[in-house]
Amino acid sequence: MMKKTYSLLLFIVLFTTLTNAQEAKDSIVLQREARSFVREGNELYKQQKYTDASVSFKKALEKNSGYQKASYNLGNALYQQNNFKEALELLENKSRSYHKEAYQKVTFYRGLELYNTANYIEAKKQFENSLSSSIDLIFKARATYWKAETDYILGDYNDALVGFKQFQQQSEATSTP
């Protein structure tokens, strides 16, 4: 009886070890495939084939959903395609600290999209989100201006006045188109 128990225990240990080894091997294969898709996407991005690059980066994320480089590069490719809505969704699902500058720019451009469709309340929220990640000072100035403009249209004249004054005080205001 002791011999059967020992044999069964040995079998379970060996089976578990082999299963874990196979899972580790599968994980390594997926990581390699993900890196390969990122390299492919990077080459397409350099050729300004942003749609094709996006597909490669998405394939990389299918292989390894936690691959920060693939996520960041996908966000940039979407940004280059002016697909701010999808880029914003991607960035909001990821760690903002890693993507802070991209988040600032995408929320700014998403705010402009919403502003241009007369969705002023949502536009204001996006400009505020952009201002919360003020890495790039030019985009900070732009977001400050457009938030003030949105406040004006919404009838928040005091907030608009404060915003326009803040914009004028920023050194980047003179270089903002």
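Just so you know, these numbers come straight off a predicted model, no measurement behind them. (Residues numbered from 1 in each chain as written. Predicted model: local features only at pLDDT ≥ 70, side-chain atom pairs only at ≥ 80, totals over all residues. Heavy atoms only, no water.)

1. What about the packing of helix 5 (residues 100-116) against helix 6 (residues 120-132)?
The interhelical angle for the contact between helix 5 and helix 6, taken along N-to-C directions, is 165°, at an axis separation of 8 Å. Between helix 5 and helix 6, the angle falls in the class roughly antiparallel. As for the relative orientation of helix 5 and helix 6, their crossing is left-handed in sense. The residues of helix 6 that touch helix 5, namely those facing Tyr103, Gln104, Thr107, Phe108, Arg110, Gly111, Leu112, Leu114 and Tyr115, are Tyr120, Glu122, Ala123, Gln126, Phe127, Asn129 and Ser130. For the contact of helix 5 with helix 6, the per-class residue count stands at eight nonpolar, six polar and two charged. (Axes fitted to C-alpha atoms, helices over the stretch in contact; angles between N-to-C directions. Helix = DSSP H or I, 4+ residues; strand = E, 2+ residues; numbered from the N terminus. Parallel < 35°, antiparallel > 145°, perpendicular 65-115°, else oblique. Left-handed = near helix turned anticlockwise from the far one by under 90°. Contact = heavy atoms within 4.5 Å. Nonpolar A, V, L, I, M, F, W, Y, C, P; charged D, E, K, R; others polar.)

2. Side note on helix 7 (residues 137-153)
Counted at 1.5 Å a residue, the expected span for helix 7 with its 17 residues is 24 Å, and the 24 Å between its end C-alpha atoms agrees. Of the residues trailing helix 7, Gly155 is marked for its positive phi of about 85°. (Expected span 1.5 Å × (residues − 1).)

3. So, a nonpolar patch on the surface
Together, Tyr152, Ile153 and Tyr157 give the surface a local cluster of nonpolar side chains, amounting to about 330 Å² of exposed area. Mapped onto the elements of the fold, Tyr157 is located in helix 8 (residues 157-169). With relative accessibility at 52%, the residue Tyr157 sits in the exposed group. (Patch = residues over 30% accessible without salt bridge, like charges linked within 9 Å, V, L, I, M, F, W, Y side chains within 5 Å. Areas by Shrake-Rupley, 256 points an atom, 1.4 Å probe, with all protein chains shown as cover. Salt bridge = Lys/Arg side-chain N within 4 Å of Asp/Glu carboxyl O. Buried < 20%, exposed > 50% of the residue type's maximum accessible area, 1.4 Å probe, protein only.)

4. Notes on the nonpolar core
Counting residues in hydrophobic clusters, the biggest one holds 21 residues, and the most contacted among them are Val38, Phe57, Ala60, Tyr67, Ala70, Leu74 and Val106. Of all the secondary-structure elements, those providing two or more residues to this core are helix 1 (2-46), helix 2 (50-63), helix 3 (68-80), helix 4 (84-92) and helix 5. Among the elements that make up this core, the one with the highest residue count is helix 4 (five residues). Ignoring any residue separated from it by four or fewer positions in sequence, one finds Leu74 in contact with Ser54, Phe57, Lys58, Leu61 and Leu90. Judged by nonpolar contacts, the second largest core, of eight residues, contains Leu114, Ala123, Phe139 and Ala143. (Core = buried A, V, L, I, M, F, W, Y, C linked by side-chain atoms within 4.5 Å.)

5. A closer look at the environment of Asn82
As for its placement among the helices and strands, Asn82 is situated in the loop between helix 3 and helix 4. Sequence spacing of Asn82 and Tyr109 is 27 residues, and the spatial spacing of their C-alpha atoms is 8.4 Å.

6. Some points on the side chain of Gln104
In this structure, Gln104 sits in helix 5. From its side chain, Gln104 meets the backbone nitrogen of Ile135 in a polar contact 3.1 Å long. Ignoring any residue separated from it by four or fewer positions in sequence, one finds Gln104 in contact with Ser130, Ser133, Ser134, Ile135, Asp136, Phe139 and Lys140. (Polar contact = N/O pair within 3.5 Å; in protein donor to acceptor, adjacent residues only side chain to side chain.)

By themselves, these figures tell us nothing about what the structure is for.
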